[in-house]
Amino acid sequence: MKVYETKEIRNIVIVGGAKSGKTTLSEAMLYEGGTINRRGSVEDGNTVSDYREIELERQNSIFSTVMYTEFENKKINIIDTPGFDDFVGEVYASLKVADTAVIVINAIAGIEVGTEMAWKQASKNKVPVIFAINHLEHEQSNFDDSLRQLKTQFGQSVVVLQYPVNPGNNFNEVIDIAKMKLLRFDANTSNVQELDIPASENDKAQKLHSILLENLAESDETLMETYCDSGTLNEEEIQKGLKVGISNRSFYPVVCINAKQDMGVNRLLNIIVNYAPAPDESPNIALTTSGEKILCDKNAPASAFVFKISIEPHLGEIAFFKLYSGELTPGTDLINANTSAKERLNQLFVVAGKNRENIERLVAGDIGATIKLKNTFVNNTLNSVKNPDVVIEPIVFPEPKYRVAVKAKNTADDEKLGAILNDMHKVDQTLIAGYSKELKQLILEGQGELHLNIVKWMIENINKIQIEFLTPKIPYRETITKPAKANYRHKKQSGGAGQFGEVYLMIEPYYEGMPNQTEFPIRGKEEISLPWGGKLVFQNCIVGGAIDARFMPAILKGIMEKIEEGPLTGSYARDIVVSVYDGKMHPVDSNEISFKLAGRNAFKEAFRNAGPKILEPIYDVEVICPEDKMGDVITDLQGRRAVIMGMESEGTYQKIKTKVPLAEMNRYSTALSSLTSGRATYSMHFAEYVQVPPDVQSQLLKSYQDEDKDE
Ligand SMILES: Nc1nc2c(ncn2[C@@H]2O[C@H](COP(=O)(O)OP(=O)(O)OP(=O)(O)O)[C@@H](O)[C@H]2O)c(=O)[nH]1
Ligand SMILES: [Mg+2]
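Residue indices follow the written sequence of each chain, beginning from 1 at its first position. Following the order in which they are written, the chains are lettered starting with A and the ligands numbered starting with 1. The predicted origin of the model limits local features to residues at a pLDDT of at least 70 and limits the giving and counting of side-chain atom pairs to 80 or more, whereas totals for whole chains, interfaces and linings rest on all residues. To get the side-chain values, take all heavy atoms of the structure and skip hydrogens and water.

Chemist: Hey, could you run me through the coordination of the magnesium ion (ligand 2) in this one?
Modeler: Water is not part of the atom set, so a site may look incomplete; the donors themselves are N, O and S atoms within 2.8 Å of the metal, or 3.2 Å for Na, K and Ca. Here the magnesium ion (ligand 2) is held by the protein donor atoms Thr-23 (OG1) and Ser-61 (OG), which lie 2.0 Å from it. Highlighted residues: Thr-23 in helix α1 (residues 22-32) and Ser-61 in the loop between α2 (53-58) and β2 (65-71), separated in sequence by 38 residues. Assigned by exposure class, Thr-23 and Ser-61 land together as buried. Numbering of helices and strands starts at the N terminus; helices are DSSP runs of H or I of at least 4 residues and strands are runs of E of at least 2. Between buried and exposed lies partly exposed: a residue is buried under 20% and exposed over 50% of the maximum accessible area for its type, with that area taken using a 1.4 Å probe on protein chains only.

Spelled out as structure tokens, the structure:
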């Protein structure tokens, strides 16, 4: 393939609601550009984008796919992304490197959560947006409704560039407001006839044309002057206005397509090559972690950012990167600024799905791929040795919101399972696995039930290990609510050397900035930040040498053992002040073991009498749902002991802010989805630990005792 210069490159990402037609559109784009000479379909399982086994089986996209096509002497890099909320990580990563987002709308459904999410993420990255309204040949499609929703949701900068003349079964004509022509498509061919606008459409077209001109004028000062002086813009000015306005996000054009029959796709590509920004014109500028802009300049030293790693059968790991500056040729040595690894670019290629083509040179702004890197991961920057320290800001992936415990059906596979999950995380940063020492479970976290079920499918079908999901335990904490004292004497005399140690201690609830207790003199104080959160303050208040200072560490050790396995439910305890104020030693029999046991048992006893409470993790949860479902969603949340913190409207959606105990969030993604027919989404992150209500506490105590008995 020929080497494309920066100005000849367009990087587009296709995003939008699930099943809106993104993969079908990308297939039609590749066909229109001549990259493929036959269009596959998602149903037949032969599209370039959805080529992985799991995608073929499910008939939808699971991973993003990098592709390219050539159109009007430009190279268009196309990244097709999955629409299901569960795979949102792919959308985040793709929009990091996109210069334009094509947001596909299903004209039967209108705006969906995927649309909303794509828009937010595009806005966050300052990526220009083109809306493509799809499925227009469907009898239930409703262009006007979809347009109305777009304007309500995203504002009046949503501007009609095309509208359908005959939506529904016979759809084949649109009025193009930029060209002021009627475009007649020929289903399943690239043919487009350009005809005069019929009289019946004239008024509507003129009105929309004026709105377009106003928007174009507003995007550029000189255009505004011309427009004010003459009341119109000529063809050249319109073209300039489209380029400037799309590139600087002054407006977001709406076009019409029927991806399935390849209608409108040729014109969409024409709009992309002519009006979407080249990489050096994009407002989505890469910044370094210290906030400096990286100029898209091929004469600068090379800096490439790895946004995706994919593992391909027979090939291994492929790293996909955007070259933000400089040029690359095969054989170049690069430095990974994040891991300090020296990497050689043995092969350099461009990729379209599972097909690869070697290239001799890649220029700033382009997207390329390589294999066999040794120590490079997603979010790493690879630099020329001339400028090795550039670190590009990483993609911030969404926090997990769905968790399960996982184990191999055959325990012999457990170790292998850990390694597989580790590898999967490299490819999918939203999948997080880790063994919890506390819960004694391997916890797998992701974006939803579907996400984790796909992971299960891959492990069972590709890695051939059978696994099962179990309910994950909740990381409870224990603490006390009032002071208490206790003492314990450990004494053992059986033959030879005996054991003796006696400890008197007082415990109190700890809080930030609390005053010291005044009952006993404090002679030594150790403040320990517990690895699981909260504090333990350990005070030596011994007078008159009742216990030697050398036994203090043993007493603390005994207490720590109990703190790691709280007396109520075996959970970690936290936020406690312990004052050891008296005790007894034996001249011969006292040793460390004796004081450890005495300390441990005294602590356990005191804990029981100190109004012990179980704390549970509470999460800040934000639900975004359509207005008409808000009542149902809130009722459901209330059934989960949620505290509603506030509500605000976002266009036709409602955002509900709430605090919910983690214990009640089990399978929430599934519940919310069925409650709203998949029209809602949510996010969550850890907020705090709070006491569980009394009824929950007694339930937990009971089930811990039952478990104890079982063991
Ligand atoms: N009738 C009609 N069907 C379409 C059109 N575009 C796509 N489809 C069909 O809609 C279904 C979903 O299309 P995809 O291209 O897989 O949609 P997607 O947005 O990639 O889906 P995900 O990747 O799962 O989010 C498939 O059965 C397509 O054949 C269209 O314009 N008209
Ligand atoms: Mg798809």
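Let's pick the thread back up.
Chemist: Would you mind showing me how to read the domain arrangement of the protein here?
Modeler: Accessible area lost when the parts come together is the quantity often used to give the size of an interface. The domain architecture assigned to the protein consists of domain 1 (7-281), domain 2 (303-384), domain 3 (402-473), domain 4 (478-611) and domain 5 (615-696). Segmentation of the chain into domains, including their bounds, is taken from an automatic or database domain assignment. Just the C-alpha atoms count here: the centres of domain 4 and domain 5 sit 41 Å apart.

Chemist: Got a minute to help me understand the site of ligand 1 in this structure?
Modeler: Neighbouring residues of ligand 1: 21 residues in total, closest Lys-22, Thr-24, Glu-43, Ser-61 and Glu-137. What qualifies as a polar contact is a pair of N or O atoms within 3.5 Å, subject to a donor-acceptor requirement within protein and to the restriction that residues adjacent in sequence count only when both atoms come from side chains. Here Lys-19 contributes a backbone N or O atom positioned 3.1 Å from an oxygen atom of ligand 1. Contact distances for ligand 1 include 3.1 Å between an oxygen atom and a side-chain N or O atom of Asn-258. Bound to the protein, ligand 1 loses 90% of the 640 Å² it would expose on its own. Ranked by residues supplied to the shell around ligand 1, first place goes to α1 with three residues. Put simply, a residue is near a molecule or strand once any heavy atom of it comes within 4 Å of that molecule or strand. To measure how exposed things are, a 1.4 Å probe is used in the Shrake-Rupley method; for residues, cover is taken only from the protein chains shown.

Chemist: Any chance you could explain the nonpolar core here in plain terms?
Modeler: Where a protein is soluble and globular, its nonpolar side chains tend to be buried together. The criterion is simple. A nonpolar core is a set of buried Ala, Val, Leu, Ile, Met, Phe, Trp, Tyr and Cys residues joined through side-chain atoms within 4.5 Å. Residues Leu-25, Met-29, Phe-131 and Leu-268 are the most contacted members of the largest nonpolar core, which totals 126 residues. If you tally residues by element for this core, the top one is helix α9 (residues 265-275), at seven residues. When residues of this core are assigned to domains, at least three fall in each of domain 1 (7-281) and domain 2 (303-384). In what follows, residue pairs with any heavy atoms lying within 4.5 Å of each other are defined as contacts. For Met-29, the residues in contact, after removing those within four places along its chain, are Ile-12, Ile-14, Thr-69, Ile-78, Val-265, Leu-268, Leu-269 and Ile-272. Counting 83 residues, the second-largest nonpolar core is a separate cluster that includes Leu-417, Met-552, Tyr-682 and Val-692.

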